[in-house]
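This is what each chain is made of:
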Amino acid sequence: MKKMRFVVSLLTLLSFTPITIADIDTVRQNELLYFVKHDCGSCHGLTLKGGLGPALLPQTLSAKPESYLVNTIMEGRANTAMPPWKSMLTLDEATWIAEQLQQGLIPPTQLARNKKPAGNP
Ligand code: HEC
């Protein structure tokens with residue numbers, strides 16, 4: 001009977017494990033979030049609303065195929081300012097970043113959060 005209970009709890013545990021395509025640990029996720037804000041943000045804007053590069057927001061990215069975005073991140077775009085990142089990111093990490101961008105899961109930067117609305121000191 002004890003064994004049965006063990007199996008049941010094991011199954012429960014497994015069924016609650018979140019399924020993600022790109023499996024990146026939390027420490028690396030934080031590094032990647034920092035990386036996106038600072039390195040990608042230098043062209044795409046600190047709040048990813050665009051600058052030299054286009055906006056990287058769910059509104060502009062969610063309809064595009066994930067593989068297309070991952071490929072852009074890894075290989076860059078020839079004859080544009082978008083550089084390749086494959087020397088700094090693994091395929092899994094680029095996939096994770098693309099997913100975060102498409103779903104709008106990258107939190108606003110400290111800078112954006114601290115910015116007070118105009119006329120409201
Ligand atoms: C030196 C400037 C620069 C940096 C740094 C940069 N990008 Fe870009 N990125 C661009 C430009 C310019 C484009 C548009 C290329 C084009 O015209 O097709 C672009 C395009 C993209 C696209 C395609 C967007 C779309 O709508 O098709 C993605 C995704 C992207 N960048 C992600 C990133 C990520 C992630 C990083 C950081 C790892 C990053 N970029 C860093 C300049 C940059």
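Residues numbered from 1 in each chain as written. Predicted model: local features only at pLDDT ≥ 70, side-chain atom pairs only at ≥ 80, totals over all residues. Heavy atoms only, no water.

Draft legend 1. Expanded view of the overall build of the protein. Assigned secondary structure in the protein consists of six helices and zero strands. Within the span of the protein, comprising 121 residues, buried residues form 30% of the whole. If you take every contact in the protein between residues at least 6 apart in sequence, the share linking residues at least 24 apart comes to 57%. Element-wise, carbon and sulfur atoms account for 62% of the exposed surface of the protein, whose accessible area totals about 8,800 Å². (Helix = DSSP H or I, 4+ residues; strand = E, 2+ residues; numbered from the N terminus. Buried < 20%, exposed > 50% of the residue type's maximum accessible area, 1.4 Å probe, protein only. Contact = heavy atoms within 4.5 Å. Areas by Shrake-Rupley, 256 points an atom, 1.4 Å probe, with all protein chains shown as cover.)

Draft legend 2. Spotlight on helix α5 (residues 91-103). Along its 13 residues, α5 runs 18 Å from first to last C-alpha, staying within 8% of the 18 Å computed at 1.5 Å per residue. When you tally the buried positions in α5, you get ten out of 13 residues, the bulk of the element. Next to the buried residues of α5 lie α2 (26-44), α3 (58-61) and α4 (66-75). Following α5 by one or two positions, Gly104 adopts a phi angle in the positive range, close to 65 degrees. (Expected span 1.5 Å × (residues − 1).)

Draft legend 3. Molecular detail of the pattern of salt bridges. Evaluated as defined, the whole model comprises three salt bridges. Residue Arg28 pairs with Glu93 through a salt bridge whose shortest N-O separation is 2.7 Å. Residue Arg28 is located in helix α2, and its partner Glu93 is located in helix α5; the two are separated by 65 residues in the primary sequence. Across the pair Lys86 and Glu75 runs a salt bridge whose closest N-O atoms are separated by 2.8 Å. With a gap of eleven residues between them, Lys86 in the loop between α4 and α5 and Glu75 in helix α4 connect regions that are remote in the sequence. On the accessibility criterion, Lys86 (47% relative accessible area) is partly exposed. Overlapping salt bridges, with partners in common, bring together Arg28, Glu31 and Glu93 in one network. (Salt bridge = Lys/Arg side-chain N within 4 Å of Asp/Glu carboxyl O.)

Draft legend 4. Main features of the site of the ligand. Taken together, 23 residues are adjacent to the ligand, and Cys40, Cys43, His44, Arg77 and Met82 come closest. Side-chain polar atom of His44 to a nitrogen atom of the ligand: 2.7 Å apart, as the coordinates give it. Mapped by element, the contributors of at least two residues to the shell around the ligand are α2 and α4. By residue number, the principal contributor to the shell around the ligand is α2, which donates six residues. (Near = heavy atom within 4 Å. Polar contact = N/O pair within 3.5 Å; in protein donor to acceptor, adjacent residues only side chain to side chain.)

Draft legend 5. Region of interest: the nonpolar core. One finds Val36, Ile73, Leu89, Trp96, Ile97 and Leu101 to be the most contacted residues of the largest nonpolar core, which totals 22 residues. At the level of secondary structure, the elements contributing two or more residues to this core comprise α2, α4 and α5. Other than its neighbours up to four places away in sequence, Val36 contacts Gly41, Leu48, Ile97, Leu101 and Ile106. (Core = buried A, V, L, I, M, F, W, Y, C linked by side-chain atoms within 4.5 Å.)

Draft legend 6. Representation of α4 within the structure. Every buried residue belonging to α4 is among Leu69, Val70, Thr72, Ile73 and Met74, and all of these are buried. Of the surrounding elements, those touching the buried residues of α4 are α3 and α5. Immediately downstream of α4, the backbone of Gly76 shows phi near 75 degrees, a positive value.

Taken by themselves, the reported measurements are silent on function.
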